[in-house]
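Spelled out from the first residue to the last, the chains are:
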Amino acid sequence: RKSCFRLSTGSKQWDAILNGGFESRSISEVYGEFRCGKTQLAHTLSVVAQLPREEGGGGGKVAWIDTEGTFRPERIVQIAERFKIDPEVANENIIQCRAGNSEHQGSLILELSQYFVTGEYRLLVIDSLMALYRIDFIGRGELAERQQKLGGFLDKLHKIAEEFNIVVFYTNQVQSDPGANALFAGADGRKPVGGHVVAHASTTRVLLRKGRGEERVAKIQDSPDCPEGEATYIITTGGIND
Ligand code: GTP
Ligand code: MG
């Protein structure tokens, strides 16, 4: 489609299974257990998004909604050095907001729209999508309300992706109770949080897991145009790499 682009992950293998990277005008999700590199990937994408399109970037700025306090400007500096971008400029090009609760997470999206209308933004990161919803809505009794609010939030993300030609990228957690959501189980039984509502919203879903030693494995679970591929990657000082 016109003016669409794909954002490189920093790993050639991973890009290959994504036909080049995460697509703009689309929503992409990575999910997996702790320390498999979700937040590190988000940092890497935030630098790569600033590279020219010929180099796997988006040629634009980044908005980041942080729900867990894990955004690190120091990591942006290190990753920018790898990609030969001025580290100070790299951080200036990332507008970072800390969300305090799920309602705030929703209102931040509206506030950010005033930046998106400038046409300068190419990536929106939400790390992580579900953390605050899981805190604010506890137990079965609140599940329906949670899913309804979540659905409204995800609708807004779709509109932003489409209207402003942005890559919407969010991280997600895995369910601690594997029985609850068997329909969306990965091959190894790990399931993302958020049920049908998130499953429906994410155009591309990638499951991350730990491999041998420092190795990590990304596996496509759902994609409109990529076959179910697997790729290995590592986390380095310069971000995600082969
Ligand atoms: P949760 O948010 O806890 O679910 O985990 P996550 O999937 O977001 O993991 P994260 O992206 O935070 O990855 C953590 C891993 O990245 C750890 O194994 C760290 O060792 C590694 N890591 C973080 N910073 C660096 C760095 O500067 N250099 C290297 N080589 N590894 C790093
Ligand atoms: Mg994280």
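Treat the numbers as computed from the prediction; the structure is a model and nothing was measured.

Enquirer: Can you break down the overall build of the chain residue by residue, with the values?
Expert: Counting its regular elements, the chain contains 8 helices and 11 strands. Against the compact-globule benchmark of 18 Å for 242 residues, the chain has a radius of gyration of 17 Å, which places it among compact chains. Principal-axis analysis of the C-alpha atoms places the extent of the chain at approximately 50 × 45 × 35 Å. Relative to its full complement of 242 residues, the chain shows a buried share of 45%. Across the chain, every contact between residues at least 6 apart in sequence was considered, and the portion connecting residues at least 24 apart equals 68%.

Enquirer: Report on the environment of Lys 38, specifying residues and quantitative values.
Expert: Residue placement: Lys 38 occurs in helix H2 (residues 38-48). On the basis of neighbour counts, which here come to 23 C-beta atoms within 10 Å, the residue Lys 38 falls in the buried class. Sequence separation of Lys 38 and Glu 111 is 73 residues, and the distance between their C-alpha atoms is 25 Å.

Enquirer: Requested: an account of helix H5 (residues 102-116), with residues and values cited.
Expert: The terminal C-alpha atoms of H5, which comprises 15 residues, lie 21 Å apart, in line with the 21 Å expected from a rise of 1.5 Å per residue. For H5, every residue scored as buried is listed here: Ser 102, Gln 105 and Ile 109.

Enquirer: Could you give an account of unusual backbone geometry, with specific residues and numbers?
Expert: Each neighbour pair has its own omega, and for Asp 127 with Ser 128 the value is 0°, a cis peptide bond. On the secondary structure map, Ser 128 appears in the loop between strand E6 (121-127) and helix H6 (131-136). Even without being glycine, Lys 84 reaches a positive phi, approximately 60°. Along the polypeptide, Lys 84 turns up in the loop between helix H3 (73-82) and helix H4 (87-92). The phi torsion at Asn 165 lies on the positive side, around 55°, for a residue other than glycine. Examined against the element boundaries, Asn 165 turns out to sit in the loop between helix H7 (143-164) and strand E7 (167-172). When the 20 C-beta atoms within 10 Å are taken as the criterion, Asn 165 is described as buried.

Enquirer: Describe in detail the sheet that holds strand E10 (residues 230-236), supporting the description with residues and values.
Expert: Spatially, the 9 strands line up as an open sheet ordered E5-E4-E6-E7-E3-E8-E9-E10-E11, and their pairing is mixed. Each edge of the open sheet carries a strand with a single partner, namely strand E5 (94-98) and strand E11 (239-241). The mean angle between the axes of side-by-side strands here comes to 25°, regardless of whether they run parallel or antiparallel. Where E10 lies against E11, 3 bridges are found, and the strand directions are antiparallel. Opposite Thr 236, over in E11, you have Gly 239 as the bridge partner.

Enquirer: Describe the site of ligand 1, with residues and values.
Expert: Around ligand 1 sit Phe 34, Arg 35, Cys 36, Gly 37, Lys 38, Thr 39, Gln 40, Ile 235, Thr 236 and Thr 237, and that is every residue in its neighbourhood. Counting residues per element, the ones that place at least two in the shell around ligand 1 are H2 and E10. For the shell around ligand 1, the element with the most residues is H2, which contributes 3 residues. Looking at the shell around ligand 1 residue by residue, the class counts come to 3 nonpolar, 5 polar and 2 charged.

Enquirer: Could you give an account of the environment of Leu 123, naming the residues involved and the relevant values?
Expert: With respect to the helices and strands, Leu 123 occurs in strand E6. Residue contacts for Leu 123: discarding those within four places in its chain leaves Leu 7, Leu 45, Ser 46, Ala 49, Gly 58, Val 62, Ile 166, Val 167 and Phe 169.

Enquirer: So what's going on with the packing of H5 against H7? Residues and values would help.
Expert: Packing of H5 against H7 leaves a shortest axis separation of 10 Å and a crossing angle of 15°. By the angle between their directions, the pair H5 and H7 is classed as roughly parallel. Regarding H5 and H7, the two cross each other, and that crossing is left-handed. Between H5, through Ser 102, Gln 105, Gly 106, Ile 109 and Phe 116, and H7, the contact on the second element is made entirely by Lys 149, Phe 153, Lys 156, Ile 160 and Phe 164.

Enquirer: Can you break down the nonpolar core residue by residue, with the values?
Expert: The biggest cluster of nonpolar side chains holds 58 residues, and the ones touching the most others in it are Leu 45, Leu 123, Val 125, Ile 166, Val 168 and Phe 169. What Ile 166 contacts, discounting residues up to four positions off in sequence, is Ser 24, Phe 116, Tyr 121, Arg 122, Leu 123, Leu 124, Ile 160 and Ala 161.

Enquirer: Lay out the packing of H2 against H3 with the relevant residues and their values.
Expert: At their nearest, the axes of H2 and H3 sit 9 Å apart, and the two run at 55° to each other. On the basis of the axis angle, H2 is oblique to H3. Regarding H2 and H3, the two cross each other, and that crossing is right-handed. Facing H2, whose interface residues are His 43, Thr 44, Ser 46 and Val 47, H3 presents Arg 75, Ile 76, Ile 79 and Ala 80. Its residues placed into classes, the contact of H2 with H3 shows 4 nonpolar, 3 polar and 1 charged.

Parameters at a glance
- Residues numbered from 1 in each chain as written.
- Chains lettered and ligands numbered in written order.
- Predicted model: local features only at pLDDT ≥ 70, side-chain atom pairs only at ≥ 80, totals over all residues.
- Helix = DSSP H or I, 4+ residues; strand = E, 2+ residues; numbered from the N terminus.
- Rg over C-alpha atoms; globule rule 2.2 N^0.38 Å.
- Buried ≥ 20, exposed ≤ 12 C-beta atoms within 10 Å, placed from the backbone.
- Contact = placed C-beta atoms within 7 Å.
- Expected span 1.5 Å × (residues − 1).
- Pairing = 2+ DSSP bridges.
- Axes fitted to C-alpha atoms, helices over the stretch in contact; angles between N-to-C directions.
- Near = placed C-beta within 6 Å.
- Nonpolar A, V, L, I, M, F, W, Y, C, P; charged D, E, K, R; others polar.
- Parallel < 35°, antiparallel > 145°, perpendicular 65-115°, else oblique.
- Left-handed = near helix turned anticlockwise from the far one by under 90°.
- Core = buried A, V, L, I, M, F, W, Y, C linked by C-beta atoms within 7 Å.

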